[in-house]
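# An overview of the molecular structure
Letter by letter, the chains look like this.
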Amino acid sequence: MAETVFAKIVRGEIPCHPVYEDELVLAFLDINPLSRGHVLVIPKATAETLDQVDDDTAAALGRALPRVARAVMKATGATAYNVLQNNGASAHQAVFHVHFHIIPKYDDGTGLGISWRIGALGEDPKGLAAAIADAL
Ligand code: AMP
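The structure contained in this document is the topic of the report that follows.

Definitions and limits used
Residues numbered from 1 in each chain as written. Predicted model: local features only at pLDDT ≥ 70, side-chain atom pairs only at ≥ 80, totals over all residues. Heavy atoms only, no water. Phe/Tyr/Trp six-rings, centres within 6.5 Å; stacked < 30°, edge-to-face > 60°. Helix = DSSP H or I, 4+ residues; strand = E, 2+ residues; numbered from the N terminus. Buried < 20%, exposed > 50% of the residue type's maximum accessible area, 1.4 Å probe, protein only. Polar contact = N/O pair within 3.5 Å; in protein donor to acceptor, adjacent residues only side chain to side chain. Near = heavy atom within 4 Å. 1 Å grid on protein atoms, 1.4 Å probe; cavity = no way out; pocket = protein on both sides within 12 Å on 5 of 7 lines; lining within 4 Å. Sits in = over half its atoms within 2 Å of the grid points. Nonpolar A, V, L, I, M, F, W, Y, C, P; charged D, E, K, R; others polar. Pairing = 2+ DSSP bridges.

Let us now look at the packing of aromatic side chains. Two numbers describe a pair of aromatic rings. These are the distance of the centres and the angle of the planes. With the rule as written, the count across this model stands at one aromatic pair. With a centroid separation of 5.6 Å and 75° between ring planes, the pair formed by Phe6 and Phe28 is classed as edge-to-face. Taken as a pair, Phe6 in helix 1 (residues 5-10) and Phe28 in strand 2 (residues 25-29) lie far apart in primary sequence, 22 residues in all. Of the two residues, Phe6 and Phe28, both sit in the buried class.

Below, the discussion takes up the environment of Asp54. Positionally, Asp54 belongs in the loop between strand 3 (39-43) and helix 2 (55-76). A distance of 2.9 Å separates the side chain of Asp54 from the backbone nitrogen of Thr57, its partner in a polar contact.

What follows concerns the site of the ligand. Around the ligand, the structure places 16 residues, and the nearest of them are Asp30, His92, Ala94, His99 and His101. One of the backbone nitrogen or oxygen atoms of His92 is found 2.6 Å away from an oxygen atom of the ligand. At 3.0 Å, a backbone N or O of Val95 approaches an oxygen atom of the ligand. Applying the majority rule of atoms within 2 Å of the grid points places the ligand in the largest pocket. At the level of elements, helix 1 and strand 2 are the ones that each hand at least two residues to the shell around the ligand. Residue contributions to the shell around the ligand peak at three residues, all from helix 1. Looking at side-chain class alone, the shell around the ligand contains nine nonpolar, six polar and one charged residues.

Walk down a regular strand and you will see the side chains alternate between the two sheet faces. Most of strand 2 sits out of view: four of its five residues are buried. In this sheet, strand 2 lies alongside strand 1 (residues 18-21) in antiparallel orientation, the contact comprising three bridges. The residue bridging Glu21 from the neighbouring strand is Leu26, located in strand 2. In sequence, strand 1 turns back onto strand 2 through a hairpin of three residues. Sheet topology places strand 2 next to strand 3; five bridges connect them, and they run antiparallel. The residue bridging Val25 from the neighbouring strand is Pro43, located in strand 3.

See the structure below:
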């Protein structure tokens, strides 16, 4: 697995603006924010994508995300935000260390812009759901 800038941040080799830290999780300001208060929440353990995260780290991320989101809202006054989590280059992942974006959305339009092209469930949603459930 290639070394990432976030692994270096976790080890303190590259500076960041931290907002939250516990044994398993670190959160800091995004260096190129989409809006004021754009924060990244990352596991300290190295994993490229969400599906590679172990259960303890997943639980820690799940605990931290709402707390950090509440703090971002309180500190910025934002009343809306998106949580974005990209996995894979074609899904716009640029840094290959799992991270969650918390991106405040403001009345001036700053924040995450989304082009959401809706589709249809297709021919066999029951079979698809069963296949996913079987894979768990
Ligand atoms: P993604 O496209 O989901 O992989 O997003 C990667 C994010 O990491 C981008 O929003 C970058 O601005 C952010 N980023 C890259 N390097 C740094 C850094 N050194 N400190 C903080 N954020 C960073």
